[in-house]
Each structure stands twice: as C-alpha cells, then as structure tokens.
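# Structural overview
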Amino acid sequence: MKGFRDRGIISPSKTSTTDTPKSSVISDSSEPGSTDTKFSKPSLWSSFFASAFSVFDIYHKSSSTSQNKAPHIRHSNGWTSPVKTIMAGGTMRRIQERVLGTSKTGISNTTSDIWLLGACYKISQDDSSGNADATNALAAFHRDFSSRILITYRKGFDMIEDSKLTSDVNWGCMLRSSQMLVAQALLYHQLGRSWRKPLDKPLDREYVEILHLFGDSEASAFSIHNLLQAGKAYGLAAGSWVGPYAMCRSWESLARSKREETNLEYQTLPMAVYVVSGCEDGERGGAPVLSIEDAAKHCSEFSKGQEDWTPILLLVPLVLGLDKINPRYIPSLQATFTFPQSLGILGGKPGASTYIVGVQDENAFYLDPHEVQLVVNFSRDDVEANTSSYHCDVVRHIPLDLIDSSLAIGFYCRDKDDFR
C-alpha cells in the first residue's frame, strides 16, 4: 500500500475559523515551536508485517489439523465475561472513567503535526506564519474530528434474541468501536475523506442512510443485533466481551450474509471485506500475510465474478506483545495514520475498547463508545433528523504505550492502485 505517496496534508490557510462546530470543543492552547513529527520510510509497512509478530511463536500449534476445523475461540484472559449489573437509576452518566481511567482531553501543549485518518494538520509555527495558521489548523482538526461518526452504548433497544437484554452497557464496546470503523469506511466510499458534517439542515442523504444502517434493531443491516447473529461462530454473544480478531471475522461473516441477500447494485456494504491473517488463521496464526491474489479473490467473490477488482475493506487483527504493547511497534502504529487509506485502530485498554482515529507525538486520539445514550430511531431519508448523538466535540487521548497489545487496524482501498 503506497501510504506515503498521497499524504493528505491540510493547509491551514484554506480553512476558515467559521468551520468550527457550533458546540464548544475542549482543548488546550498551543504554544509556539518548531517540532516536526517524522515517520519511517514506506518500507516499514512490509517490515511491520514481516518481523513484528514474534509473539505468536509462543502460541504456535501444529498445522497438521484440518483446514475445515472450527474457528479457535480463546476464552481466557478476560476475553469473555458475564454481563455486569448496569447502572442503578435512570440517570445518564458516563462510565468511561470506570474502564479507561481518568480521561485526558484536548490537544497537548505541543506544536507537532496531528495525523487524523490520513489527514495532516500542521500545528507547528514559524516566524512568517504566526498564530493565525496554527489556530486555523486546530479549528480544521476539530471540525474533522467532530465529523467522524460516534457510536456508543445504547439502552432501550429491542431485545436481543432470547437474552432479554435491551442495552449493551458494560459489554458492547468492541462492537461499537467496530461499527465506528465500518461507518467511516462507508463515509469514505459514499462522500469522500473531505466530507464534514453540515452545520445546517437538510443533512446529506447519504450520511443519514449510513447512520440508519447502524441503528439498534434487526431492521438495520449493521446493528448490534445482526453483528451478534453473524459472529456466533466466533464466540460473539449478548452480554460477553469479544476480542479484535473475532470482531473482524464477524464483520466478514455479516458482509457475506448481506451480500447473499441482495444483488450487486444494492449492496448495503459496497465493498469486499478482507481479514488479513496468518497462514494458520486465528488469534494464534502468526504474522499476517497481505496477498494481492487473496484480495483479488475477495473482490471477485464480492462482485459475483462480474468485476476483477472492487473497493475493499482491509481488517488486520494483530497481537503486538504479551501483557502490554511492545514499544518497538509504536512508530509503525503511528505511521499507519499517515496512510490516506487509514481507517484507524480498534484498541484501548484491556477489556475497554475504543476507536483510535489519530496521533500526535506519543498520544492517540480516540472516540469513546462508553457513553450511555438512549436508542435513536429515524428513517433512512429523514434529512431533518437529530444526529447529534452520533458525534463528539470532546477530543480525548491516551498514550500509545498504554493501549492493549491486541488490536485491529483498518484500511479502505477504493481501487487496485490504492491497495498497491
């Protein structure tokens, strides 16, 4: 993937301060400086896959078993747990600090570049630019960040099968994080990376249709209800937590089932899904192998043999350490956000998934699914809908060295050149 060839650098001079969202953004003031964020050459992408996963050797098993064996599900180390008692009373309060610790918000007092899903915001200042450019860049970053789709815990939705659960509080954060990543892929596909949420109504119809796909009922194609159904073979169950690998495979399964229900022209997910894993497959399957032949096969299957190549969603589940992430992989993780194809990372602290969308120095910016909100229902053509619960103006960050070593990286490739 030629991630460094087409970096999306945002020019502050082209961004008006009128682009700031109407609601306030919590941020720290930037101080003058000249620090630049630098990443390695494009070769780190191949070396990232080729040499960064020796941890798998500890878990390696014989490959002599049948290729048709059932998927391996790991139940230890807190990957699954019974649903906990949800908050008493009817108050709508955050539980983020209970699972992620004290939240850090805003932008640190640094002038290093910010990378947000392939777009660069140049905060550094020099004598000729002054404070205006840095202010405009920060405003542009905030507008971009608050335009990303936020999907959080909900309560009051239809019961999930026989579980009697009408909320995913305390167990659905990985599902919600994955929904955000896929929603971002759909925004890329339908509206482009430069899309921003309109400040006034009517809303973009394509945007409303995307949100409708992630509604909390079986009628919405990518609801938590349908994800759980599609992921049963990988251990997904209402009330239990799930890891990144099982989550990626569940999306592959859900996309396949939806593809079989409709014709190519009306696909709810108009792209192939390719989970990049090792030869042994699964959480213990070794270093991921990215193959253009496998990608082409997925594209052909998606198009039912009508096209040689189609848009493709790459999901790369990884384990980058044992108890915690190995520090030597952090520069490579940072560099993935400079790829114009970047969809971010499913990751967080152990047992508390978030959707990581950007980096600045050693900090990762994320959208937090641990906000409990009431279920929202609107039709797919309601361009006057209130979509405020699907966005966040508060910029939160976490040190990269504190994120869980088990994570998944996402990329959207519109065409074959993008993939190469």
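Before going into details, it helps to say that this report is about the structure given with it. (Residues numbered from 1 in each chain as written. Predicted model: local features only at pLDDT ≥ 70, side-chain atom pairs only at ≥ 80, totals over all residues. Heavy atoms only, no water.)

## A short note on the overall build of the chain
To keep things clear, this is the line we draw: Comment: elements are numbered from the N terminus, with helices defined as DSSP H or I runs of at least four residues and strands as E runs of at least two. For the exposure calls, accessible area comes from a 1.4 Å probe over protein chains only, and a residue counts as buried if that area is under 20% of its type's maximum, exposed if over 50%, partly exposed in between. Should any heavy atoms of two residues lie within 4.5 Å, those residues are considered in contact. Throughout, the Shrake-Rupley method with a 1.4 Å probe supplies accessible areas, and for residues the shown protein chains are the sole cover considered.
Within the chain, the secondary structure is distributed over ten helices and 13 strands. By the burial criterion, 55% of the 420 residues in the chain qualify as buried. The contacts of the chain with a sequence gap of at least 6 include a subset with a gap of at least 24, amounting to 78%. Split by element, the accessible area of the chain, about 18,200 Å² in all, is 48% carbon and sulfur.

## Considering the packing of helix H4 (residues 173-191) against helix H7 (residues 244-261)
Formally: A fitted line through C-alpha atoms represents every axis, and for helices the fit uses only the stretch in contact; the resulting angles, taken between N-to-C directions, go from 0 to 180 degrees. What sets the label is the angle itself: under 35 degrees gives roughly parallel, over 145 gives roughly antiparallel, 65 to 115 gives roughly perpendicular, and the rest give oblique. Crossing handedness: left-handed means the near helix sits turned counterclockwise from the far one by under a right angle, and right-handed means the same turn made clockwise.
The contact between H4 and H7 brings their axes to 10 Å, and the two run at 50 degrees. One element, H4, and the other, H7, form an angle in the oblique class. The interaxial crossing formed by H4 with H7 has right-handed handedness. Residues Met174, Leu175, Ser178, Gln179 and Val182 of H4 form the contact with H7, whose participating residues are Pro244, Met247 and Trp251.

## Describing the environment of phenylalanine 145
Assignment of secondary structure puts phenylalanine 145 in helix H3 (residues 130-147). Taking the C-alpha atoms as reference, phenylalanine 145 lies 8.4 Å from valine 357; in sequence the two are 212 residues apart. Discounting chain neighbours no more than four positions away, the residues touching phenylalanine 145 are Leu116, Val357, Phe365, Tyr366, Leu367, Cys392, Val394 and Val395.

## Side note on the pairing of strand E10 (residues 363-367)
The criterion, for reference: Pairing between strands requires that DSSP locate at least two bridges from one strand to the other.
With respect to burial, E10 is a largely interior element, five of its five residues being buried. Burial of the side chains of E10 extends over both faces: Asn363, Phe365 and Leu367 are buried on one face and Ala364 and Tyr366 on the other. Two elements, strand E9 (residues 352-360) and E10, share five bridges in a ladder whose sense is antiparallel. Bridge pairing in E10 places isoleucine 356 opposite tyrosine 366. As consecutive antiparallel partners, E9 and E10 are separated by two residues, and within that stretch aspartate 361 has a phi angle of approximately 55 degrees, a positive value.

## So, the environment of histidine 212
Mapped onto the secondary structure, histidine 212 falls in helix H5 (residues 205-213). Judged by relative accessible area, which is 24%, histidine 212 ranks as partly exposed. Taking the C-alpha atoms as reference points, histidine 212 and serine 379, 167 residues apart in sequence, are found 6.8 Å from one another. Aside from chain neighbours lying at most four places away, what touches histidine 212 is Ser220, Phe378, Ser379 and Arg380.

## A closer look at H7
Note the following rule: Take the residue count of a helix, subtract one, and multiply by 1.5 Å to get its expected span.
With 18 residues, H7 extends 26 Å between its outermost C-alpha atoms, agreeing within 8% with the 26 Å of an ideal straight helix rising 1.5 Å per residue. With respect to burial, H7 is a largely interior element, 14 of its 18 residues being buried.

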